Structures are given as structure tokens and as C-alpha cells.
Amino acid sequence: MKGLKLGQFVRGNSIIHQLDPRTKIIVCLVVIFSILINYKWYVILLNMSLIAAVIILSRIEPAKILRSLRKLRYLFLLTFIFQSILTSGEPLFHVGSVYVTREGVSLGVSTIFRLMILYLCSTLLTMTTSPLKLASGIESLFAPLRRLRIPVHQFSMLISAALRFIPTIIEEAQILTRAQRSRGAQFNSPSVIVRIKSMAAVLIPLLAASLQRADDLAAAMESRCYTGGSNQIRISKLRFGKKDKLALGLVSLVFLVFVFCI
Amino acid sequence: MAAGSIELINVTKEYATGRSHKKCALDNITLTINQGEFVGLVGMNGSGKSTLARLINGLILPTAGKVFVNGIDTADRKSIIEIRRHVGMVFQNPDNQIVSPIVEEDVAFGPENLGCYADEVKERIDWALQATGMDELRHHAPYLLSGGQKQKVAIAAALSMRPDYLILDEPTSMLDPGGKYDLIENLKMLNEKYGITVMLISHHMEDVVHADRLIVLDQGQIYLEGTPREVFSSENFFSAGFKPPGIVQLVSNLRKRGHMIDENIITVQQMVEYICRL
């Protein structure tokens with residue numbers, strides 16, 4: 001399996017790739033907050049069009065991103081069902097004693113879009129920013145928190161290492177699953193108990209291997225003179241240029257107008 | 001304690017296993033590795049090879065004895081960066097030592113930790129990637145490369161710190177024969193062209209036939225030491241359960257049958273040349 005992995009960095013030289021990681025993190029946060037505060041249709045539309053623009057500009061194949069959305073279809077479905085039957089309001093129709101309301105349906109649809117926006121926006125961030133750059137970006141943005149004795153550097157390194165190891169661990173999980181299946185593990189057994197027991201045979205070796213990996217990675221990083229401290233050189237490499245100012249200015253203006261004025 | 005060498009003086013390393021049990025990984029080892037050497041280190045599983053490697057760059061400290069790198073004691077925690085800058089390490093599993101999903105960024109990790117400025121970092125990356133023949137793949141994602149290429153990225157990452165010594169802990173054990181051959185050739189080149197001291201740890205005898213000096217570890221002690229030729233022909237080598245490379249076995253079997261073949265032949269290449277001269 002050497003395909004594209006969920007949220008994995010895709011090499012590229014597009015304008016989105018070139019933007020400063022801090023710009024992308026800020027825009028991502030703006031999108032997330034706007035959608036959490038205000039979920040009127042025009043905010044959703046604005047966010048969706050922004051995401052569409054980013055996808056086009058980043059030159060990532062849209063099909064790949066849409067395919068990854070498919071994994072969330074059950075979540076979307078369940079959300080929609082619960083929202084539409086549990087919201088009180090003007091009833092549209094009913095099945096037995098369960099009433100589906102107009103308000104519920106519209107809330108359900110908007111919730112699906114909000115989930116989609118949350119998902120797409122974070123995926124696009126990690127797809128267009130290399131983990132080390134993302135780490136430097138987070139570290140630089142949240143540097144003031146260091147005054148509160150929050151280990152900002154450690155957190156950012158943690159995120160970066162986690163992102164780096166997603167494909168490796170997925171690959172390992174697939175190998176383990178195949179190995180256990182070839183020994184007769186029943187991953188598709190009708191009995192839930194049997195399935196859970198089979199999963200344990202994958203998860204336990206996976207956990208053990210991950211701990212081994214962590215140990216190896218620590219030794220390798222230490223051997224390369226990593227001391228666990230924050231790295232000013234890496235942070236100073238970030239350049240907040242004209243493009244970033246332009247992108248950030250544009251996005252914040254549009255959002256201020258939409259979210260608060262209308 | 002001359003500069004330009006790695007010295008281990010009466011080094012013992014014990015690991016605690018359980019409450020009162022101790023396992024002795026290395027037992028009173030004294031060893032000197034000089035600048036510019038190509039040293040092969042072989043031994044069975046659990047003979048203390050990896051422990052020895054980790055002692056040299058101060059990842060672990062000896063229970064007793066001293067380790068000096070260019071005259072600096074590894075127990076001196078203030079100089080640990082200085083020591084690690086001189087001693088590049090490459091480990092067994094290429095996946096677990098790569099920090100970034102871009103080759104170039106991964107190689108930059110070391111110099112950036114050393115506090116080099118952008119120009120210097122770039123210069124070091126260029127050099128390290130060119131020395132390992134990876135410059136065409138500099139923007140690639142390491143997880144899409146082959147095992148041998150990944151391992152070369154790891155070597156480039158170590159080289160970017162401009163080390164005097166390169167210690168490789170079983171770098172070939174997860175590679176296919178082609179990748180293995182490439183890697184060994186690359187190490188030979190680094191040793192000859194750039195004068196980098198190479199210490200190659202392996203349990204495959206074929207990997208270390210080109211070494212200037214071969215050290216055989218057994219149960220935490222230096223069992224044999226000498227040129228590959230000397231080690232392979234030693235009686236003790238066989239009796240400890242080691243097997244020399246196929247070619248060496250072939251030569252000795254042929255000699256037993258009365259064919260007077262040059263006993264210095266230890267590689268396929270040499271064998272081919274010898275046969276062509278007949």
C-alpha cells in the first residue's frame with residue numbers, strides 16, 4: 001500500500017504550499033471558529049467556497065480528497081438522522097411516534113456541512129504543510145504560551161512526529177491484519193466478541209511495535225544533536241511574506257463582514 | 001587520549017534485568033578506532049554490538065570504564081553535543097529514524113539542531129545528498145523510497161553534521177541484496193574519498209569483507225581482531241560458530257582438495273580476477 005494516506009503531506013510547489021505555515025494555521029482557526037459560532041447558510045457557503053478555492057490553488061486532485069470524505073459517511077448519516085428526529089419544531093412527517101421536523105432537517109444538513117468543513121480544513125492544512133514546518137509554525141504562533149509554562153515546543157514536536165508516523169503505522173497495521181487473517185483470525189465474523197478478540201491480536205503487536213519505534217526515533221533524534229529544546233534556527237526560517245499578508249488580510253476581511261455584520 | 005580517535009578503556013556495561021539480576025552486555029573492553037579506518041564489527045545476537053555503538057556517541061554510559069571521542073569523555077554531559085556532532089549514527093530500521101516526510105528537510109534536521117544558518121544548512125544538505133547519490137530524490141517523500149534509498153537518506157542525515165566517524169548499527173539487515181551492495185559501496189567511497197571513519201556493525205560476514213580491520217564480539221568480549229583475511233582463517237572463528245563468507249569457504253574447501261588457490265581471496269571480485277588470470 002503506497003497510496004495517499006489520510007491528511008498526509010503531499011509534495012507540491014503551489015501557492016498554498018508556499019504560504020507560511022502560520023498563515024495557514026490562522027486561516028484554519030478562523031474557519032473553524034466561524035463555523036462553530038455561526039452556522040447560517042451563507043457562512044457555510046463562504047467556507048465551502050474558500051475550501052474549494054484552496055483545493056484548486058493547491059493543485060491536489062479533488063477526487064482524492066472527496067474519496068477520503070467517504071470514510072465519514074456513517075458519521076454524516078447518523079448525525080443527520082439524530083438531528084432531524086430530535087429537534088423540536090414544525091413536523092414534516094412521522095413514522096410511528098417519531099416526528100421528523102423541518103427545523104431538524106435543516107439543522108441536520110447544516111451540521112453535515114459543518115463537519116465536512118472542519119474535516120476538510122484540517123486535512124488541507126496537513127496536506128499542504130510539511131510536519132516540521134507545521135511544528136515550527138505552531139511553536140512560533142503559540143510562543144507566548146511559554147510564559148504560562150506550557151511546553152509549546154514539546155507539543156509541536158509531538159504533533160509533527162505523530163503526523164510523520166501515520167503512514168508507517170497504517171502500513172504496519174495492514175501487514176499485521178493480513179498476518180493474523182492468514183492465521184485464521186476472523187475479522188468478519190458475525191459475532192462481535194470474536195471480532196473484538198481478533199482486533200486485539202492486531203492492536204497489541206501494533207502498540208508494542210509503536211513503542212519500539214518511539215524508542216528508535218528518540219535514539220535517532222538524539223544522535224542528530226536534538227536536545228529537546230526549542231529551535232530558533234528552524235523558526236527563523238519561516239518567512240511571513242507579501243502573499244501571506246495578502247491572504248490573511250483577505251480572509252479576515254471577508255470573515256469579519258460575513259460572520260458579524262450580516 | 002590522543003585527538004582523532006575513539007577510545008574505549010576497560011568498558012563494562014551491565015543492564016538490570018529484574019530486581020537483582022544483571023546482564024553483562026559488554027565485559028571489560030578496551031578498543032581504539034583511529035581516524036580514517038574502516039572497521040567491521042560482527043557478532044551473534046546479544047553479543048553487545050549495539051551496546052558498543054550506543055556507548056560511543058553517549059546514548060548510554062558505561063557502568064565502568066571510560067569512552068573517549070577525540071579525547072572528550074562521553075560521561076561529560078556538557079560536551080555531549082560536541083561528541084554527537086563528531087559521531088554520526090545510522091540505525092537498523094530506516095523508517096524509524098526519519099524525522100520528516102521530505103528528504104531534504106530530514107537531512108536538514110541535524111545541522112539545524114547544531115544551530116547552522118540557512119546558507120550553511122543548504123551547503124551541508126547539498127554535500128551530504130551528493131555524497132550518498134541521493135540529490136535527485138531530495139524533494140521526495142522517504143516513505144515512497146526503497147529500503148536501500150531510505151537507509152541512504154539516513155546516512156546523508158548523519159553526514160550533514162560533518163562527522164569524523166560514522167557508526168552504522170546493522171544498516172543492511174532490512175535491505176535486499178542490491179540495496180545492500182549499493183550501501184556498502186557508498187560507505188567504501190565515503191571512507192576512501194572523504195576520509196570518514198566507518199564502523200559497520202553487521203551479522204553478515206559478506207558486508208564486512210572490505211573492512212581494514214574486523215572485530216568479532218562474543219558474549220560481551222572481543223573474541224577476535226584482525227584483518228578480515230586473518231579472522232576468517234582463524235580456527236577460533238569456526239569453533240565459536242561463525243561462518244566466513246561463501247567465497248572464503250569455497251577457497252578453503254578447494255585448497256583442502258589440493259587446488260592451490262591464493263588464500264587471500266575473500267570477495268567474488270577477487271575470485272573472478274584470479275580465475276581469469278589462470
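Residues numbered from 1 in each chain as written. Chains lettered and ligands numbered in written order. Predicted model: local features only at pLDDT ≥ 70, side-chain atom pairs only at ≥ 80, totals over all residues. Heavy atoms only, no water.

Chemist: Just checking my understanding: could you explain the packing of aromatic side chains for this structure?
Modeler: Under the defined criterion, the tally for this structure stands at 5 aromatic pairs over all chains. With centroids separated by 5.3 Å and ring planes inclined at 15°, the aromatic side chains of Phe237 of chain B and Phe242 of chain B adopt a geometry described as stacked. A relative accessible area of 0% places Phe237 of chain B in the buried class. On the basis of relative accessible area, Phe242 of chain B is assigned to the buried category, the value being 4%. Of the aromatic side chains, those joined through ring pairs into one cluster are Phe232, Phe237 and Phe242 of chain B. One cation-aromatic arrangement involves Arg164 of chain A over Phe165 of chain A; the distance from NZ or CZ to the ring centre is 4.2 Å. (Phe/Tyr/Trp six-rings, centres within 6.5 Å; stacked < 30°, edge-to-face > 60°. Buried < 20%, exposed > 50% of the residue type's maximum accessible area, 1.4 Å probe, protein only. Lys NZ or Arg CZ within 6 Å of the ring centre and 35° of its normal.)

Chemist: It is not clear to me how the confidence of the model for chain A should be interpreted in this structure. Could you clarify?
Modeler: Do not read the predicted coordinates in detail wherever pLDDT is low. In this model, chain A carries an average pLDDT of 82, and 94% of its residues clear a pLDDT of 70 or more. Confidence scores differ between elements of chain A, with helix 10 (residues 232-236) of chain A showing the lowest mean pLDDT of 69 and helix 9 (residues 192-223) of chain A the highest of 89. (pLDDT = per-residue confidence, 0-100. Helix = DSSP H or I, 4+ residues; strand = E, 2+ residues; numbered from the N terminus.)

Chemist: Would you take a moment to explain the nonpolar core for this structure?
Modeler: One recurring pattern in soluble globular proteins is that nonpolar side chains are buried together. Membership of the largest hydrophobic core comes to 45 residues, with the highest contact counts inside it found for Ile155, Leu159, Leu166, Leu187 and Phe232 of chain B. With sequence-adjacent residues up to four places away left out, Leu166 of chain B is seen in contact with Gly88, Ile155, Ala158, Leu159, Leu187, Leu190, Ile196, Thr197, Val198 and Met199 of chain B. In terms of nonpolar packing, the next biggest core, distinct from the first, is built from 30 residues, Val31, Leu46, Ile51 and Leu120 of chain A among them. (Core = buried A, V, L, I, M, F, W, Y, C linked by side-chain atoms within 4.5 Å. Contact = heavy atoms within 4.5 Å.)

Chemist: Sorry if this is basic, but what is going on with unusual backbone geometry here?
Modeler: For residues that are not glycine, phi is negative in most cases, and the peptide bond is trans in most cases. Residue and element names in this part refer to chain B. Of note in this structure, Asn28 is not a glycine but carries a positive phi near 50°. With respect to the helices and strands, Asn28 occurs in strand 2 (residues 22-34). Backbone geometry at Gln219 places phi at a positive 50°, although glycine is not the residue there. For Gln219, the location among the structural elements is in the loop between strand 9 (213-218) and strand 10 (221-226). Residue Gln219 is classed as exposed on the basis of its relative accessible area of 65%.

Chemist: What exactly am I supposed to notice about the interface of chain A and chain B here?
Modeler: How big an interface is tends to be stated in terms of the accessible area lost upon association of its parts. Taken together, the contacts link 29 residues of chain A with 36 residues of chain B. Counting the surface lost from both chain A and chain B, the interface buries some 3000 Å², and carbon and sulfur atoms represent 56% of this. Joining chain A to chain B, the criterion identifies 2 salt bridges. Where Arg84 of chain B meets Glu222 of chain A, a salt bridge forms, and the shortest distance between an N and an O atom there is 3.4 Å. Top element by residues in the side of chain A that touches chain B is helix 9 of chain A. It accounts for 8 residues. For the side of chain A that touches chain B, the residue count by class is 13 nonpolar, 6 polar and 10 charged. (Buried area = accessible area lost by both parts, 1.4 Å probe. Salt bridge = Lys/Arg side-chain N within 4 Å of Asp/Glu carboxyl O. Nonpolar A, V, L, I, M, F, W, Y, C, P; charged D, E, K, R; others polar.)

Chemist: When you look at the side chain of Asp244 of chain A in this model, what are you seeing that I'm missing?
Modeler: Residues and elements named next belong to chain A. Looking at the element boundaries, Asp244 is found in helix 11 (residues 242-261). In this structure, Asp244 is buried with no salt-bridge partner, the nearest side chain bearing the opposite charge being Arg22 at 7.2 Å. Beyond its immediate sequence surroundings of up to four residues, Asp244 is in contact with Leu19, Asp20, Thr23 and Arg239. (Lys, Arg positive; Asp, Glu negative; His and termini not counted.)

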